[in-house]
Amino acid sequence: MMRFDYQSHCYLPLRRETVAGLFLLLFPVLLPCLFTPFTHASPSTFSNALLKLMPTWEAGTFVLEWNVPKPRHLSLLRSALDRESSNGEQSDLWAPLADQGWRPFLESVNSPSLPQKSEGYLQVFLDGGLNQQRMGICDAVAVAKILNATLVIPHLEVNPVWQDSSSFMDIFDVDHFINVLKDDVSIVKELPDEFSWSTREYYATAIRATRIKRAPVHASVNWYLEYVLPVLQSYGIAAISPFSHRLSFDNLPSEIQQLRCKVNFKALAFVPHIRALGDAIVHRLRYPPGESEAVSSNYLRETTDRYEKQKPQKFVVLHLRFDKDMAAHSACDFGGGKAEKLALAKYRQTIWGGRVLNSQFTDEELRSQGRCPLTPEEIGLLLAALGFDNSTRLYLASHKVYGGEARISTLRKLFPLMENKKSLASSEERFRIKGKASLLAAVDYYAGMHSDIFVSASPGNMHNALVGHRTFENKKTIRPNMALLGQLFLNKNITWSEFRQAVAEGHQNRLGQLSVLSSVLTVVFLSRIGLLASNLLRILLSIDRGVEYTFEILHSRWQHYAVVLRLEEERTFVGNIVMDTAEHERCFACSCR
C-alpha cells in the first residue's frame with residue numbers, strides 16, 4: 001500500500017500538501033470546461049486522469065488503494081477489438097427463446113379462501129439490499145398465509161453498505177400490492193392505534209414478549225405454528241426480527257409456493273415514477289437520439305412521434321457487480337497491484353474479521369473453480385466471444401465499480417455504445433432516485449426485465465432475482481459458466497479462435513432454456529468440487545413420487561440450481577432455486593405447462 005505519511009511537526013510539507021489539495025478541489029471549478037464530458041455517455045478525459053491519481057485519506061495518511069489496472073488478457077483483447085460478426089451469427093444471438101409451452105401459473109385451485117377472522121398482526125423487519133428484501137417480502141406474505149395473520153407492510157431496514165432509508169412505499173406500489181393479494185392475505189399499511197407502540201425503537205430498547213428474535217434460517221411451517229402462532233393468539237401481534245431467509249422451501253404446500261411466486265412476479269410492482277424513468281431509459285435504448293442530440297427531461301415526449309416508424313434496436317443489460325465489497329470477499333487478484341491487494345485484505349479483515357473461506361486459497365485455485373467475479377474486461381471478452389460486436393447497445397446496470405472508469409475503460413473499448421442511467425436520463429429525471437441505492441437498483445431491475453438479453457458478471461441477489469423473473473417470462477438470459485471462464489482466462493497461451501469456440505460450446509445451454517429429465521424419481525446429493533472437498537455441501541430434497549428433478553450447477557461463489565418439477569397430473573412447476581453455501585439463500589420462479 002502506497003502511503004504519504006503525515007507528520008504534524010513538518011509545517012512546510014503540510015502547507016504544500018494543503019495548497020496542492022485545495023488546488024485539486026478548485027481546479028474543476030476554475031476550469032469547468034476541462035471536466036465536461038465530450039459525450040453524455042462518456043466521462044471526461046481530465047476527470048478520469050484525476051480520479052486515477054487521487055489518493056484517499058485514512059487516519060492522517062494518504063492511501064493509494066490501487067494502481068491503474070492494465071488489460072490482463074491483452075492477446076485476447078486485441079483479437080476481440082478486431083473481431084467481425086456475420087449477419088447470421090447476429091441473428092441467432094438476438095433470436096428470442098423458443099416457446100417451450102411454459103405458461104405463468106400463479107393461481108392455486110386448492111388454496112383456501114381468506115378466513116373472516118385474523119389471528120392478529122404480523123410485523124417483519126427486512127435487512128439487506130433491494131433484492132434480498134424482495135425475497136423477504138415474498139416469505140412474509142407466505143408466513144402470514146400460514147398463520148392466518150394480517151400482514152403489516154414490511155419494514156425495510158437501512159443497509160449498512162448501501163445506506164438507503166427508502167421504505168416499502170418509496171419503492172413498491174403499495175395499493176397494487178394489497179389489491180393483487182386481497183383474496184390471499186389480509187394486508188394493512190400500518191397498525192391500528194391500539195398497537196402503535198409496536199415499533200422498531202420499542203424492540204431495540206429491551207426484550208419484548210411480542211418479538212420473535214431467534215427464528216431459524218429456513219424455518220418450517222410447523223415451527224411457525226408452534227412458536228409464532230401462540231404469540232399472535234396471546235397478544236394479537238407478533239414481530240419477527242430479523243426476517244431474512246426465515247422460511248423453508250422444502251415440504252411446503254404447493255399453494256404456499258405459488259403464493260410466493262404471485263407476490264414476486266405479480267404483486268411487487270415499482271412505484272409509478274420508477275416505471276416512468278425505466279420506460280424512458282428503455283425507449284432511448286430502443287430509439288437512440290442522434291449524436292448531436294442531448295438528453296433532456298422532455299426528450300421522450302419530443303421524440304415519440306419522430307421515432308414512431310423507426311425500427312426499434314435491440315440491447316443487452318449487463319449487471320456488473322464489481323464493488324469493493326464483492327472484490328474483497330472474493331479474495332481474488334484483479335490486477336491492481338500490491339496496493340490493491342493490501343487494501344482489499346484490510347477491508348476483508350475490517351468487515352468479516354478474516355472469516356472469508358476464499359482467503360485460504362490462491363488466486364489460481366479460486367479462478368479454476370469459478371469463484372472469482374468477472375472483471376469488466378473479462379465480461380467484455382465473454383460477450384465478444386459469444387458474437388456481440390461493437391455496434392451492440394449495452395446498458396450498464398451497476399452501483400459503484402471498484403476502480404472507477406479506469407476499470408471499465410477496456411469494456412468501453414469493446415462496446416463503445418455502452419450507456420447507463422446518467423447517460424440516458426437527465427439530472428432532473430434522476431433527482432428522485434439520486435443517492436438512493438434501492439431506487440437506483442429498481443431502475444436497473446426494470447431495464448433488465450425489458451431488455452432483449454440480460455447477463456450478469458457475477459452471482460448475487462440481483463442476478464438471482466432477474467434470472468428467476470426472466471425465466472418465468474421465458475426471456476433470454478446469459479448465465480456465465482464461471483468455472484469454464486476461470487480456466488480459460490488462466491490459459492495465457494489460448495488463441496482467440498480457441499477461446500471463442502470454448503465459450504460458444506460452454507454456453508449453448510445457458511441462455512435461459514429449461515429441460516426435463518426422463519427419469520421417474522431422482523434424489524440428488526451435490527457437493528462442491530475441489531475448494532469445498534473438505535467441507536461437503538450435501539443437499540437432500542424431499543420429493544414426492546412421480547416428480548422429476550433437473551439440476552444444473554453453476555460453479556461460482558454462489559451455487560445455483562435450475563430445477564424443473566413435473567407432476568404426474570401434468571401440472572408442472574418451475575423453480576429457479578439459488579443457494580449460498582454459507583447462508584443457504586434461495587429464490588424461485590413458478591410456471592406450468
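Just so we're clear, the structure is a prediction, and the values are computed from it rather than from any experiment.

*Asks:* So what's going on with the packing of helix 5 (residues 130-147) against helix 11 (residues 254-267)? Which residues, and what values?
*Replies:* Any two packed helices are characterised by how steeply their axes cross, that is the angle between the axes, and by the distance between the axes. As a packed pair, helix 5 and helix 11 sit with axes 9 Å apart at the nearest point and diverge in direction by 135°. Comparing their axes, helix 11 and helix 5 come out oblique. Crossing angle aside, the handedness with which helix 5 passes helix 11 is right-handed. Facing helix 5, whose interface residues are Arg134, Ile137, Cys138, Asp139, Val141, Ala142, Lys145 and Ile146, helix 11 presents Ile256, Leu259, Arg260, Val263 and Asn264.

*Asks:* Before we move on, could you go through unusual backbone geometry and cite the residues and values that matter?
*Replies:* Backbone geometry follows two general trends: most residues other than glycine have a negative phi, and most peptide bonds adopt the trans configuration. In this structure, the amide linkage connecting serine 241 to the following residue, proline 242, adopts the cis form with an omega of 5°. Its identity is not glycine, yet asparagine 148 carries a phi of approximately 55°, on the positive side. Structurally, the position occupied by asparagine 148 is in the loop between helix 5 and strand 6 (150-152). The backbone phi angle of asparagine 474 is positive, close to 55°, even though this residue is not glycine.

*Asks:* An account of the packing of aromatic side chains is requested, with residue identities and associated values reported.
*Replies:* Centre distance and the angle of the planes are the two values used to describe a pair of aromatic rings. Going through the model one piece at a time under the given rule, you end up with 17 aromatic pairs. An angle of 70° between the planes, with centres 6.4 Å apart, marks the rings of phenylalanine 125 and tyrosine 203 as edge-to-face. Linking phenylalanine 125 in strand 5 (residues 121-126) with tyrosine 203 in helix 8 (residues 200-205), this pair joins segments that are 78 residues apart in sequence. For phenylalanine 125, a relative accessible area of 6% corresponds to the buried category. On the accessibility criterion, tyrosine 203 (5% relative accessible area) is buried. Judged by centre distance (5.1 Å) and plane angle (65°), the ring pair of phenylalanine 168 and phenylalanine 177 falls under edge-to-face. Take phenylalanine 177: its relative accessible area is 0%, and that puts it in the buried class. Between arginine 208 and the ring centre of tyrosine 202, over which it is positioned, the NZ or CZ distance is 3.9 Å. The residue whose ring lies beneath arginine 260 is phenylalanine 249, and the NZ or CZ to ring-centre distance is 3.9 Å.

*Asks:* Go over helix 22 (residues 482-490) with me, naming the residues and quoting the values.
*Replies:* Each α-helix turn comprises 3.6 residues. Residues three or four places apart therefore point the same way. Every buried residue belonging to helix 22 is among Met482, Ala483, Leu485, Gly486, Leu488 and Phe489, and all of these are buried. Lining the buried residues of helix 22 we find helix 3 (74-81), helix 16 (363-368), helix 17 (376-386) and helix 23 (496-506).

*Asks:* Can you tell me about the pattern of salt bridges, naming the residues and giving the values?
*Replies:* Counted by the stated rule, this structure contains 19 salt bridges. For the salt bridge of arginine 72 with aspartate 333, the shortest nitrogen-to-oxygen distance reads 3.7 Å. Taken together, the residues span a long stretch of sequence, with arginine 72 in the loop between strand 3 (61-64) and helix 3 and aspartate 333 in the loop between helix 14 (324-330) and helix 15 (337-352) at a distance of 261 residues. Residue arginine 72 is classed as partly exposed on the basis of its relative accessible area of 29%. With its nearest N and O atoms 3.7 Å apart, the salt bridge here joins arginine 367 to glutamate 378.

*Asks:* Lay out the packing of helix 5 against helix 20 (residues 437-449) in plain terms, naming residues and giving numbers.
*Replies:* Remark: helix 5 packs on helix 20, axes separated minimally by 9 Å, with the N-to-C direction vectors making an angle of 80°. In terms of orientation, helix 5 lies roughly perpendicular with respect to helix 20. Residues Leu130, Asn131 and Arg134 of helix 5 form the contact with helix 20, whose participating residues are Ser438, Ala441, Ala442 and Tyr445. Grouping the constituent residues of the contact of helix 5 with helix 20 by class yields 4 nonpolar, 2 polar and 1 charged.

*Asks:* Which residues make up helix 11, and what are the values?
*Replies:* With 14 residues, helix 11 extends 18 Å from end C-alpha to end C-alpha; this agrees with the ideal 20 Å at 1.5 Å per step. Most of helix 11 sits out of view: 11 of its 14 residues are buried. Of the residues making up helix 11, those classed as buried are Ile256, Gln257, Gln258, Leu259, Arg260, Cys261, Lys262, Val263, Asn264, Phe265 and Ala267.

*Asks:* I'd like a description of the sheet that holds strand 11 (residues 315-319), backed by residues and values.
*Replies:* Judged by pairing direction, the sheet is parallel, and its 5 strands sit side by side in the order 13-12-11-14-15 without closing on themselves. Each edge of the open sheet is held by one strand with a lone partner, namely strand 13 (418-419) and strand 15 (477-478). Helix 12 (residues 272-286) rests against strand 11, strand 12 (393-397) and strand 13 of the sheet, and its axis sits at about 155° to strand 12. Packing against the sheet, helix 21 (residues 461-472) makes contact with strand 11, strand 14 (453-456) and strand 15, and its axis sits at approximately 150° to strand 14.

*Asks:* Hey, could you go over the nonpolar core for me, with residue numbers and the actual values?
*Replies:* In terms of nonpolar packing, the biggest core is built from 73 residues, with Phe177 and Tyr224 touching the most fellow members. Considering every element that reaches this core, the biggest residue donor is helix 5, with 10 residues. Counting 53 residues, the second largest nonpolar core, distinct from the first, contains Leu76, Ala343, Leu386 and Val503.

*Asks:* Requested: an account of the side chain of histidine 507, with residues and values cited.
*Replies:* Mapped onto the elements of the fold, histidine 507 is located in the loop between helix 23 and strand 16 (559-566). When near neighbours in sequence (up to four residues on either side) are disregarded, histidine 507 contacts Leu382, Leu386, Arg479, Pro480, Asn481, Leu484 and Leu485.

*Asks:* Explain the confidence of the model for the protein chain to me, and be specific about the residues and the numbers.
*Replies:* Across the protein chain, pLDDT averages 76, with 70% of residues at or above 70. Per-element averaging of pLDDT across the protein chain places strand 16 at the bottom with 30 and strand 6 at the top with 98. Within the model, pLDDT remains below 50 along residues 32-63, and this stretch shows 55 contacts once partners closer than five positions in the same chain are excluded. The low-confidence segment residues 517-589 (pLDDT under 50) makes 204 contacts with residues lying over four places distant or belonging to another chain.

*Asks:* I'd love a proper account of the pairing of strand 5, names of residues and values included.
*Replies:* The buried fraction of strand 5 amounts to 5 of the 6 residues, a majority that puts the element mostly inside the structure. Two elements, strand 5 and strand 6, share 2 bridges in a ladder whose sense is parallel. If you follow leucine 122 over to strand 6, its bridge partner there is leucine 151. For the handedness criterion, the β-α-β arrangement of strand 5, helix 5 and strand 6 is classed as right-handed. Strand direction decides the pairing type here: strand 5 and strand 10 (residues 237-240), joined by 4 bridges, are parallel. Counterpart to valine 124 in the pairing with strand 10 is isoleucine 240.

Rules behind the numbers
- Residues numbered from 1 in each chain as written.
- Predicted model: local features only at pLDDT ≥ 70, side-chain atom pairs only at ≥ 80, totals over all residues.
- Heavy atoms only, no water.
- Axes fitted to C-alpha atoms, helices over the stretch in contact; angles between N-to-C directions.
- Helix = DSSP H or I, 4+ residues; strand = E, 2+ residues; numbered from the N terminus.
- Parallel < 35°, antiparallel > 145°, perpendicular 65-115°, else oblique.
- Left-handed = near helix turned anticlockwise from the far one by under 90°.
- Contact = heavy atoms within 4.5 Å.
- Phe/Tyr/Trp six-rings, centres within 6.5 Å; stacked < 30°, edge-to-face > 60°.
- Buried < 20%, exposed > 50% of the residue type's maximum accessible area, 1.4 Å probe, protein only.
- Lys NZ or Arg CZ within 6 Å of the ring centre and 35° of its normal.
- Salt bridge = Lys/Arg side-chain N within 4 Å of Asp/Glu carboxyl O.
- Nonpolar A, V, L, I, M, F, W, Y, C, P; charged D, E, K, R; others polar.
- Expected span 1.5 Å × (residues − 1).
- Pairing = 2+ DSSP bridges.
- Core = buried A, V, L, I, M, F, W, Y, C linked by side-chain atoms within 4.5 Å.
- pLDDT = per-residue confidence, 0-100.
- Right-handed = clockwise from strand over helix to strand, strands pointing away.

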